[in-house]
Structures are given as structure tokens and as C-alpha cells.
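Observations on the model geometry
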Amino acid sequence: MAMLDILEFPDPRLRQVAAPVTTVDADARALAEAMIETMYAAKGIGLAAIQVNDRRRVFVMDTSPGQDQPQVFFNPEIIERSGAQVGEEGCLSIPGVVADVERADAIKVRALGLDGQAFELEADGLSAVCIQHEIDHLDGKVFLDRLSPLKRRMLQKKYQKHRQQA
Ligand code: NI
């Protein structure tokens, strides 16, 4: 299966806002499958379509210990959130940089699966973080946007250095 190219910050295309899919058709399923392969190849736990320059509102995730339980979320929507947690986040579009980000601790998300059927999922811990991070991508946001201006500038410098060396 063809690997997809992952856009890297500060590519302006990462600022696009994704559009809901009307139906989960064969083409949408093929996109999700290619995104899963690309996520595994890049050793990530989540990937949003915006990151592979596709504006459809879909992300894939696998937070299972064995990396053998991929999940697909078309048109994801967080319908409940509670509590707060601070955890270290990285991003396949911002390689070499991690930072502590505050997120809701527990969420309930509604989406369409690979089969086109609606489902709801309650998540906490790492899965809740990942879902919030990926939905941010679909809204044109990256995790750096959630940091203080000072911290963001520091990390952007570090990132530029990392890119020059790469
Ligand atoms: Ni990301």
C-alpha cells in the first residue's frame, strides 16, 4: 500500500480546516487504510487527514500496547469532556519536539467508523489525549498553539535547529 507524505510544520496546509465526509465510501476507506499504514510506518499513535494534505474530516489512532488495534474516526465530535490532565505530546508533523499540554482527562467522542456506522466511545488517559490532539489537527491547530507564547517560541527555535540538522 502506498505510503502518504506527512506535512511538516510550519507548512501552511496544516492550517486547513477539514470538511465532514458525506458518506464513508470506498475512496474514504482507502484513505483511512493508507493513513493507518503511514501512521505505523512513522511509529505514531495518531494521524489526521490534514497531516497528509487531505481535507476530509478523519483521523486514525492506535494507542494499544501491541499497536495492533487501529481505530478510524470519520466526522469525530467530542460530546462530553471532564477533568484535566497534563501529558507530554509530540506530533508526526513536528518531529523532534515534545511538550506538556493540558487536555480534558476524560471525553466521549461520536464518530463514524470504517463501516460507515455511527459509534460513541468513552476515552481517558492517552487515548483521550490522542483524540483531542487529532481533532485539533482537523480544525487546523497543532499542539504548539496550546502552549504559552514563551514556551512556544522556545520550542520553535529547538524545532528549527532540529530541522537544520536533519
Ligand atoms: Ni499531531
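Residues numbered from 1 in each chain as written. Predicted model: local features only at pLDDT ≥ 70, side-chain atom pairs only at ≥ 80, totals over all residues. Heavy atoms only, no water.

**Thoughts on the pattern of salt bridges**
Between side chains of opposite charge, a pair can form when the charged atoms approach closely. This model, assessed by the stated rule, comprises 12 salt bridges. A salt bridge links aspartate 145 to arginine 15; the nearest nitrogen and oxygen atoms lie 2.7 Å apart. Taken together, the residues aspartate 145 in the loop between α2 (125–138) and α3 (149–165) and arginine 15 in the segment before α1 (26–41) connect sequence positions 130 residues apart. Its relative accessible area of 30% is what places aspartate 145 among the partly exposed residues. For arginine 15, a relative accessible area of 39% gives the class partly exposed. What emerges from the salt-bridge pattern is a single network uniting Glu80, Lys108, Arg110 and Glu120. (Salt bridge = Lys/Arg side-chain N within 4 Å of Asp/Glu carboxyl O. Helix = DSSP H or I, 4+ residues; strand = E, 2+ residues; numbered from the N terminus. Buried < 20%, exposed > 50% of the residue type's maximum accessible area, 1.4 Å probe, protein only.)

**A short note on the sheet that holds strand β3 (residues 71–82)**
Spatially, the five strands line up as an open sheet ordered β1-β2-β3-β6-β7, and their pairing is antiparallel. The open sheet has two free edges, formed respectively by β1 (46–48) and β7 (118–124), since each of these has just one partner strand. Strand-to-strand twist in this sheet, taken as the mean axis angle between neighbours without regard to direction, amounts to 40°. Relative to β7, strand β6 (residues 106–112) runs antiparallel, the two being bridged by seven bridges. If you follow arginine 110 over to β7, its bridge partner there is glutamate 120. Relative to the sheet, α1 contacts β1, β2 (58–61) and β3, its axis offset from that of β2 by approximately 40°. (Pairing = 2+ DSSP bridges. Axes fitted to C-alpha atoms, helices over the stretch in contact; angles between N-to-C directions. Contact = heavy atoms within 4.5 Å.)

**Observations regarding unusual backbone geometry**
In this structure, the amide linkage connecting phenylalanine 9 to the following residue, proline 10, adopts the cis form with an omega of 5°. Position of proline 10 among the secondary structure elements: in the segment before α1. The phi angle at glutamine 67 is positive, at roughly 50°, despite the residue not being glycine. In this fold, glutamine 67 is placed in the loop between β2 and β3. We note that asparagine 75 has phi near 50°; this positive angle belongs to a residue other than glycine. Mapped onto the fold, asparagine 75 is located in strand β3.

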